[in-house]
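Here is what each chain is made of, one letter per residue.
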Amino acid sequence: VTNVDNDTAGFIVTPTSGLQTTEGGGTDTFTVVLASQPTADVTIAVSSSDATEATAAPASLTFTDQNWNAPQTVTVTGRDDALADGDQPYKIITSAATSSDAGYSGINAADVSLTNLDNDSAGILVSPTSGLVTTEGGGTDQLTVVLLSQPTQNVTIPVSSSDTTEGTVSTALLTFTPANWNAPQPVTVKGADDFI
């Protein structure tokens, strides 16, 4: 007599798409479970396709002949990159299984598609924007300029006085790079004497 098997080796990953994390550290989860009981331990590694956008924990899942039908949860946590790069797609990669069970050895579970929601926006912060005072005796005051997010290329900002007979600025151009974008740069304003 031959008893025809109705079980197949495989993984059930739920869900495989539609998940979201945030750059503020927001998380999302998915589960993995075996489709049939193995004859030996089955282990799969779990990792992010882009570690600058998110990380996954735990780094591996192990199923035994006792817990094979208990779904195991993977938690994905978004990471903050300081770039105003918009919402970024990435995947959690499930590596091929390692097992001495020939049915499960080398089987690859489905990868999971996610999106890391951006919390950065391009912008320039000038502080203060009013209330500065200079004097015709050469008195000065100061403002600072800084970017709100990390640029991918250098950003230059021209600086000038609307009336150089009343006041002048210490620099005509500010340059921010991907390395110094978050360091406020000072601009000194000096009063001019017009003899009027």
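Description of the structure in this document. (Residues numbered from 1 in each chain as written. Predicted model: local features only at pLDDT ≥ 70, side-chain atom pairs only at ≥ 80, totals over all residues. Heavy atoms only, no water.)

So, the overall build of the chain
Move 1: From N to C terminus, the chain includes zero helices and 15 strands.
Move 2: On C-alpha atoms alone, the chain measures out to a radius of gyration of 29 Å, which is more than a quarter above the 16 Å that the 2.2 N^0.38 rule sets for 196 residues.
Move 3: Across the 196 residues of the chain, 30% fall into the buried class.
Move 4: Taking the contacts inside the chain whose residues are at least 6 apart along the sequence as the reference set, 63% of them involve residues at least 24 apart.
Move 5: Working note: accessible area of the chain is about 10800 Å², and carbon and sulfur atoms make up 51% of it. (Helix = DSSP H or I, 4+ residues; strand = E, 2+ residues; numbered from the N terminus. Rg over C-alpha atoms; globule rule 2.2 N^0.38 Å. Buried < 20%, exposed > 50% of the residue type's maximum accessible area, 1.4 Å probe, protein only. Contact = heavy atoms within 4.5 Å. Areas by Shrake-Rupley, 256 points an atom, 1.4 Å probe, with all protein chains shown as cover.)

Things to note about the nonpolar core
Move 1: Grouped together as the largest cluster of nonpolar side chains are 23 residues, with contacts concentrated most on F11, F30, V32, V76 and I92.
Move 2: For this core, the elements supplying multiple residues, two or more each, are β1 (11-14), β3 (27-34), β4 (42-48), β5 (54-57), β6 (60-63), β7 (72-78), β8 (88-94) and β9 (112-117).
Move 3: Sequence-distant contacts of F30, defined by excluding residues within four places in its chain, comprise V13, T14, P15, L19, Q72, T73, V74, V76, I92 and V112.
Move 4: V159, L174, W181 and V187 belong to the second largest nonpolar core, which has ten residues in total. (Core = buried A, V, L, I, M, F, W, Y, C linked by side-chain atoms within 4.5 Å.)

A look at the side chain of E53
Move 1: Within the fold, E53 resides in the loop between β4 and β5.
Move 2: We note that E53 is buried and unpaired, the nearest opposite charge coming from R79 at a distance of 8.8 Å. (Lys, Arg positive; Asp, Glu negative; His and termini not counted. Salt bridge = Lys/Arg side-chain N within 4 Å of Asp/Glu carboxyl O.)

What about the sheet that holds strand β11 (residues 140-147)?
Note on sheets: strands pair through backbone hydrogen bonds, and any given pair is parallel or antiparallel.
Move 1: Spatial ordering of the open sheet is given by β10-β11-β15-β13, a layout of four strands whose pairing is antiparallel. What marks the edges here is a single partner per strand, and that holds for β10 (124-127) and β13 (167-169). Strand after strand, the sheet turns through a mean of 25° between neighbouring axes, direction not considered. (Pairing = 2+ DSSP bridges. Axes fitted to C-alpha atoms, helices over the stretch in contact; angles between N-to-C directions.)

Side note on the pairing of β9
Move 1: The alternating pattern of β9 places V112, L114 and N116 on a buried face, while none of S113, T115 and L117, on the opposite face, is buried.
Move 2: The pairing of β8 with β9 spans five bridges and is classified as antiparallel. The residue of β9 that forms the bridge with Q88 is N116.

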